[in-house]
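# Structural description and commentary
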Amino acid sequence: MSSLQSPADSTAPVSNFIRSIIDADLASGRHDSIVTRFPPEPNGYLHVGHAKSICLNFGLAQDYHGKCNLRFDDTNPEKESEEYAQSIQDDVRWLGFQWEGQIHWASDYFDALYAFAEELIGKGLAYVDDLTPEQMREYRGTLTQPGRNSPNRERSVVENLDLFRRMKAGEFADGARVLRAKIDMASPNINLRDPAIYRIRRAHHIRTGDKWCIYPMYDYTHCISDALEGITHSICTLEFEDHRPLYDWVLDNLNVPCHPRQYEFSRLELQYTLTSKRKLLQLVNEKKVTGWDDPRMPTIQGMRRRGYTPEGIREFARRIGVSKGENNVDMVVMEGAIREHLEAIAPRVAAVINPLKVTLTNFDGAGAREADFHPQHPEFGKRIVPISRELYIEADDFAEVPPAGWRRLTLGGEIRLRHSYVMRCDEAVKDAAGNVIELKCSLDHATLGKNPEGRKVRGVIHFLAAEFALPAEIRLYDRLFTVASPDADKEVDFCTYLNPESLQVVQGWVEAAVKDAPPETHYQFERLGYFVTDRRDHQLGDRLVFNRTVTLKDSWTKEQA
RNA sequence: UGGGGAGUCGCCAAGUGGUAAGGCAACGGGUUUUGAUCCCGUCAUUCGCAGGUUCGAUCCCUGCCUCCUCAGCCA
């Protein structure tokens, strides 16, 4: 299967404004090669928005034969954990990317960061402030009013240095003092109104343990980390756009090896889901989903368990592009990209989700037939499609009173049993309430592997020979929310839009060919959709559990509506 | 109503002084033992609005409108 050319990866890169900047930098000789980085904070699981960023940063490095670092932004020990850091590494690798050399951590630079802070103090560009958080907020001003200088702003270099060293030494209580950059309290850009760059926090850090009781802030840490790693293009999302002057201010005022440039692109909004870490965490904590890897979650772990493939997700990223405009992407774009890859790699197999029993009244003499696992790929192999006196067909494939355009089974009508005989329905057996509970049908014995003579049979339905079918748990997933933008209205709790039908578990039947499939095996259940054996609960040869990844395109249902 | 951004087909998105790429979706048609796939075709006289410069503007200038974003000792 490795010889297969994946359509997802065979397409040329799509032009975007960041590539234009890189092209210009390379052409002008500003850079000989590029270095990017993917800088997650290990405080949660990665989601589809991160997938976009991963594809961008690692993809750029790949296309331009440059490098991409994985760097953990671990400057807030209270929220970070080893578990998150581990899952992030797994996710990046699973998506098909490999970072350059060792993993980097912002905490690797804590000593350097501290020294740079003393450099700033020495230059009179940073000072220790004793204001409380509330006071700082008051002094900061508002969007339309300038801030006021802190009474501590004019402390001497000597005093600041002494105070900062004592902060580091643990002489002050948590939150008692901060180190602030001395920029401009009247700046129209609030990020420049003397931002805090160090705070006192006695928290156990996942890598440095209890070595530090002061921790650097993001804005101060990120730009220096970039510079120390020789990053050429530091790519982040739009909300950091007005932090860029601060990014540049820090690097302009410190003796750093280089000055990377920051560029911002718009973050992904995927309809019918959420990409807020806080809200995803809430779904997990409140047990609205079974965990971070619930197949309904837009996390990479969730998408993986759902049956999305790295190739499909990468193709999705390629299709949505990179820009600074609104990026409100319809779920069908993701589904289309996933289908495209699954269409190419998934063996076809039969499964019945909602069984209706069929008894063949003229079964004697009927035989099995071999069928390809994939109509376009004979190299996928074949298996026997058996038949037995009793069959299961999909209840939806029979209608006593068929609507116009119906091509499936109806009383007195004929259909082709996929990979088997043409079958006519002779009688519908009903229960006391009038529900059809069984069909009596007959085979045209002359139609195995050939068309009947003198008439055309248009409809094809799938079926399972009851004697050989395997029972399976089938989990039918649908979108998590009932509205496109569940968090659009700040007055309404997004949980009110949770889709009560986002998961439906049914006991169905699958053909015996899937019996020994390991977890994470993709199949197309013909006429139903793409399914994957569950990563966690599927046990080969024993308990079969399938997750519906995505349905097939369905022009019939659309026509009905 | 301070700062920073963005407005090109239903959604995403190239183009940027020479007369609107592409993808997704949609819609027609063909093939088909999956109403799938595949194939073929259709789909912006127009680039938020109004003026101006120019032989010529989506692209340059002016004004306006709409949307996003920023007041953590989070990232």
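Residues numbered from 1 in each chain as written. Chains lettered and ligands numbered in written order. Predicted model: local features only at pLDDT ≥ 70, side-chain atom pairs only at ≥ 80, totals over all residues. Heavy atoms only, no water.

### With respect to the nonpolar core
The cut-off we apply is this: Nine residue types can take part in a nonpolar core, namely buried Ala, Val, Leu, Ile, Met, Phe, Trp, Tyr and Cys, and a core is a set of them joined through side-chain atoms within 4.5 Å. Relative accessibility under 20% of the residue-type maximum defines a buried residue, over 50% an exposed one, and the middle range a partly exposed one, all with a 1.4 Å probe and only protein chains included. A run of DSSP states H or I qualifies as a helix once it reaches four residues; a run of E qualifies as a strand once it reaches two. Both are numbered from the N-terminal end. Contact between two residues is taken to exist if any of their heavy atoms lie within 4.5 Å; hydrogens are not considered.
Counting 40 residues, the largest nonpolar core has Ile54, Val92 and Phe316 as the members making the most contacts within it. Mapped onto this core, the elements with two or more residues apiece are α2 (48-63), β2 (67-72), α3 (82-94), α10 (300-306), α11 (310-320) and α12 (331-345). For this core, the element with the highest residue contribution is α12, accounting for 7 residues. Not counting residues within four places of it along the chain, the set of residues in contact with phenylalanine 316 comprises Val48, Leu268, Leu270, Val329, Val333, Met334 and Ala337. One finds Ala126, Leu192, Ile214 and Trp249 within the second-largest nonpolar core, a separate group that totals 37 residues.

### Description of the sheet that holds strand β3 (residues 104-105)
Keep this limit in mind: Pairing between two strands is assigned when DSSP locates at least 2 bridges connecting them. Angles here are taken between N-to-C directions and fall from 0 to 180 degrees, while the axes themselves are lines fitted to C-alpha atoms, restricted in helices to the stretch in contact.
Taken in spatial order, the 3 strands make up an open sheet running β1-β2-β3, and their pairing is parallel. The open sheet has two edge strands with one neighbour each: β1 (35-38) and β3. Note: β1 against β2, 4 bridges, orientation parallel. Bridged to valine 35 within β2 is lysine 67. Along the sheet face, α2 touches β1 and β2 and points at about 160 degrees away from the line of β1.

### A short note on the side chain of arginine 155
Looking at the secondary structure, you find arginine 155 in the loop between α5 (133-140) and α6 (157-169). For arginine 155, a relative accessible area of 15% translates into the label buried. Among all residues touching arginine 155, those that are not within four sequence positions of it are Val128, Asp129, Asp130, Asn160, Leu163 and Arg177.

### Observations concerning the protein's contact with RNA strand B
The condition is simple: To be near a molecule or strand, a residue needs just one of its heavy atoms within 4 Å of it. Any N or O atom pair separated by 3.5 Å or less is treated as a polar contact, with the protein-specific requirement of one donor-capable and one acceptor-capable atom, and with residues adjacent in sequence counted only for side-chain atom pairs.
In the vicinity of RNA strand B lie 67 residues, with Asp242, Ser323, Arg348, Arg418 and Lys558 positioned nearest. Those atoms of RNA strand B that come within 4 Å of the protein belong to sugar or phosphate at a rate of 65%. Interatomic distance of 2.9 Å between a backbone N/O atom of glycine 405 and a base nitrogen of RNA strand B. Between a sugar or linking oxygen of RNA strand B and a side-chain N or O atom of serine 555, the distance comes to 2.8 Å. For the surface near RNA strand B, the secondary-structure elements that each account for two or more residues are α5, β6 (196-200), α11, β11 (328-329), α12, β18 (414-417) and α13 (555-560).

### Comments concerning the side chain of serine 150
Take serine 150: it is sitting in the loop between α5 and α6. The class of serine 150 is buried, set by a relative accessible area of 4%. Beyond its immediate stretch of four places on either side in the chain, serine 150 contacts Tyr127, Asp129, Leu131, Tyr139 and Arg180.

### Section: the sheet that holds β18
With mixed pairing, 7 strands are arranged side by side in an open sheet as β21-β18-β19-β20-β14-β17-β22. Of all strands in the sheet, those bounded by a partner on one side alone are β21 (460-461) and β22 (463-465). In terms of strand pairing, β18 meets strand β19 (residues 422-430) through 3 bridges, oriented antiparallel. Across the sheet, residue arginine 416 finds its bridge partner in β19, namely valine 422.

### Notes on the packing of aromatic side chains
Test applied: Pairing of aromatic side chains requires ring centres within 6.5 Å, counting the rings of Phe and Tyr and the six-membered ring of Trp. Pairs whose planes differ by under 30 degrees are stacked, by over 60 edge-to-face, and all others tilted. The criterion for a charge sitting over a ring is simple: Lys NZ or Arg CZ within 6 Å of the ring centre, and within 35 degrees of the ring normal.
For the coordinates displayed, the defined rule picks out 17 aromatic pairs. An aromatic cluster is defined as three or more aromatic residues linked by ring pairs; in this entry it consists of Phe110, Tyr114, Phe164, Tyr198, Trp212, Tyr215 and Tyr220. One Lys or Arg, lysine 168, reaches over the ring of tyrosine 114 and ends 4.5 Å from the middle of that ring. Lying across the ring of tryptophan 406, arginine 408 places its NZ or CZ 5.5 Å from the centre.

### Comments concerning the pairing of strand β26 (residues 529-533)
Look at any regular strand and the pattern is simple: side chains alternate between the two faces of the sheet. Most of β26 sits inside the fold, with 5 of its 5 residues counted as buried. Where strand β25 (residues 522-525) meets β26, 4 bridges bridge the pair, whose relative direction is antiparallel. Bridge pairing links glutamine 524 to tyrosine 530 in β26. Taken together, β25 and the strand that follows it, β26, pair antiparallel across an intervening segment of 3 residues, in which arginine 527 is found at a positive phi of about 70 degrees.

### Some words on the pattern of salt bridges
Two side chains that carry opposite charge are able to pair once their charged atoms sit near each other. Selection rule: Throughout this description, the term salt bridge denotes a Lys or Arg side-chain nitrogen within 4 Å of a carboxyl oxygen of Asp or Glu.
Applying the stated criterion to the full structure yields 53 salt bridges. Glutamate 520 is the salt-bridge partner of arginine 535, the closest N and O atoms lying 3.8 Å from each other. Pair noted here: arginine 535 is in the loop between β26 and β27 (545-551) and glutamate 520 is in the loop between β24 (503-510) and β25, with a separation of 15 residues, a long-range link. Assessed through its relative accessible area of 24%, arginine 535 is described here as partly exposed.

### A look at unusual backbone geometry
Negative phi values dominate among residues other than glycine, just as trans dominates among peptide bonds. For histidine 65, which is not glycine, the phi torsion reads 55 degrees and is therefore positive. Tracing the chain through its elements places histidine 65 in the loop between α2 and β2. With relative accessibility at 73%, the residue histidine 65 sits in the exposed group. Residues other than glycine seldom take positive phi values, yet lysine 287 does so here, at roughly 60 degrees. Locating lysine 287 in the fold gives a position in the loop between α9 (277-285) and α10. The exposed category is assigned to lysine 287, whose relative accessible area is 70%.

These values are about where atoms sit, not about what they do.
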